Amino acid sequence: MLDALVIGMGWMGGLHAATYSRLDGVRLVGVVEPDETRHAALAEEFGVPVHPRAEDALGGVDVVSVCVPDDRHAAAAVPALTAGARVLVEKPLAVTSADARRILRARPDPDALSVGHILRFDPRVVRCRELVRSGELGELWHVEVWRDTTRMVAAAPAQRTSVAWFLGIHDADLVRHVTGLSAARVSALGRSVFSPNIDVAYAGVEYDAGVVGSMENNWTLPDGRPNRALAGLRVVGSRGAAEIDLGHLDLSHTTGTGSVNLDSRNWPSREHYGVANIRTEIEEFVRAARDGGPTPVPGEEGLAAVQVVEAVHASIAAGGSPVEVERGA
């Protein structure tokens, strides 16, 4: 039996805790939430101790999910790794490559850390990767990736982070995972329209082997649209193309007063818990911890995505001038 701890009990932390509590061979033994006004409700919901500080709860824990805000990932992940736990850090691994490397250096071994790049566990992404990596598409020519959401999605995160860190990090990892290509150079433009951070980002990306592409991210779509996200990937080669629509809605709940469209694949509500990519991600993380196997998403992959988004921000700050993407740990 593995003992699990979740650090940070926002919406994502709640999904992690709910998943651990439903997995065989895992026992959720505690959660960490600094806001003590929420402790009673969390204790009632999950039936475990609620701690204000992670250091009070790390002793003897086998697996830890880090779900605190992005800029606090290193502060939470490093002590957990040092305590000997296997650690799953939600994406992005960090918001600077320096902090990402700090997390990597804290690993007692490379398999102690996994990064929560959830799209790697989507069955459509798995099949797309197989097509591309098998050579079915021939020589790769160009790749486009996009992730646009409604303003509602930005309500909380836009005050502390940019759309590139919150959404674009998915796409930076997605292209690398599916194609095996590393980004070499980025030319990007962006602007702030309703928050103190970048709300719109468009990047041209040069990859290895002369492959070119684009990455589009914004969270500016009106809240009234029926689907809160437009997202997808297109990989074009000499013998064909692979395309995925990732802005899906597969469950609609309609009443006499309106309709609610739900994504039950990536982000299921806990009330409609089912087979979903986040469950698969945590199952693979737990299996590796139990069996001593390789980590599902190595820390180096998380660092590579961070380096792409850093380059996007650097290019925006430079008025769109090309910026070389830093590579390697």
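Residues numbered from 1 in each chain as written. Predicted model: local features only at pLDDT ≥ 70, side-chain atom pairs only at ≥ 80, totals over all residues. Heavy atoms only, no water.

Per an unreviewed UniProt entry, the protein goes by the name 4,5-dihydroxyphthalate dehydrogenase and belongs to Streptomonospora litoralis.

## A word on the layout of surface pockets
Each pocket or cavity is described by its volume, and for the second largest pocket that value is around 220 Å³. In terms of lining, the second largest pocket is formed by 19 residues, of which the most central are Arg176, Ser182, Ala304, Gln307 and Val308. Where the lining of the second largest pocket is concerned, the elements lending two or more residues are helix 7 (163-179) and helix 9 (299-317). (1 Å grid on protein atoms, 1.4 Å probe; cavity = no way out; pocket = protein on both sides within 12 Å on 5 of 7 lines; lining within 4 Å. Points joined across faces, edges and corners; volume = space filled by probe spheres on them. Helix = DSSP H or I, 4+ residues; strand = E, 2+ residues; numbered from the N terminus.)

## A few points about the pattern of salt bridges
Evaluated as defined, the whole model comprises 21 salt bridges. Arg124 is paired through a salt bridge with Asp122; the nearest N and O atoms lie 2.6 Å apart. A salt bridge links Glu130 to Arg127; the shortest N-O distance between them is 3.1 Å. Here Glu130 pairs with Arg127, and both are found in helix 5 (residues 123-133), just 3 residues apart, close to one helical turn. Of the residues examined, Glu130 reaches a relative accessible area of 43% and is grouped as partly exposed. For Arg127, a relative accessible area of 46% translates into the label partly exposed. Several salt bridges converge on common partners, so that one network encompasses Arg120, Asp173, Arg176 and Glu301. (Salt bridge = Lys/Arg side-chain N within 4 Å of Asp/Glu carboxyl O. Buried < 20%, exposed > 50% of the residue type's maximum accessible area, 1.4 Å probe, protein only.)

## Looking at the UniProt feature "domain: Gfo/Idh/MocA-like oxidoreductase N-terminal" (unreviewed entry) in the protein
UniProt feature "domain: Gfo/Idh/MocA-like oxidoreductase N-terminal" (unreviewed entry): in the numbering of this structure it lies at residues 4-106. For residues 4-106, the end-to-end C-alpha separation is 19 Å, with 36% helix and 21% strand making up the annotated structure. (UniProt positions renumbered as here; feature names shortened; annotations may be inferred.)

## Here's the deal with the domain arrangement of the protein
Segmenting the protein into domains produces domain 1 (2-108) and domain 2 (120-266 + 305-324). Taking only C-alpha atoms into account, the centre of domain 1 sits 26 Å from that of domain 2. Listed as interface residues are 10 residues of domain 1 and, on the opposing side, 9 residues of domain 2. Overall, the association of domain 1 and domain 2 removes approximately 800 Å² of surface from exposure, summing both partners, and the carbon and sulfur fraction of that is 56%. Applying the counting rule to domain 1 against domain 2 returns 1 salt bridge. Among the ionic pairs, Asp70 bridges to Arg160, the shortest N-O distance being 4.0 Å. Scanning the region where domain 1 abuts domain 2 turns up 2 residue pairs in polar contact (both at pLDDT 80 or more). (Domains from an automatic or database assignment. Contact = heavy atoms within 4.5 Å. Buried area = accessible area lost by both parts, 1.4 Å probe. Polar contact = N/O pair within 3.5 Å; in protein donor to acceptor, adjacent residues only side chain to side chain.)

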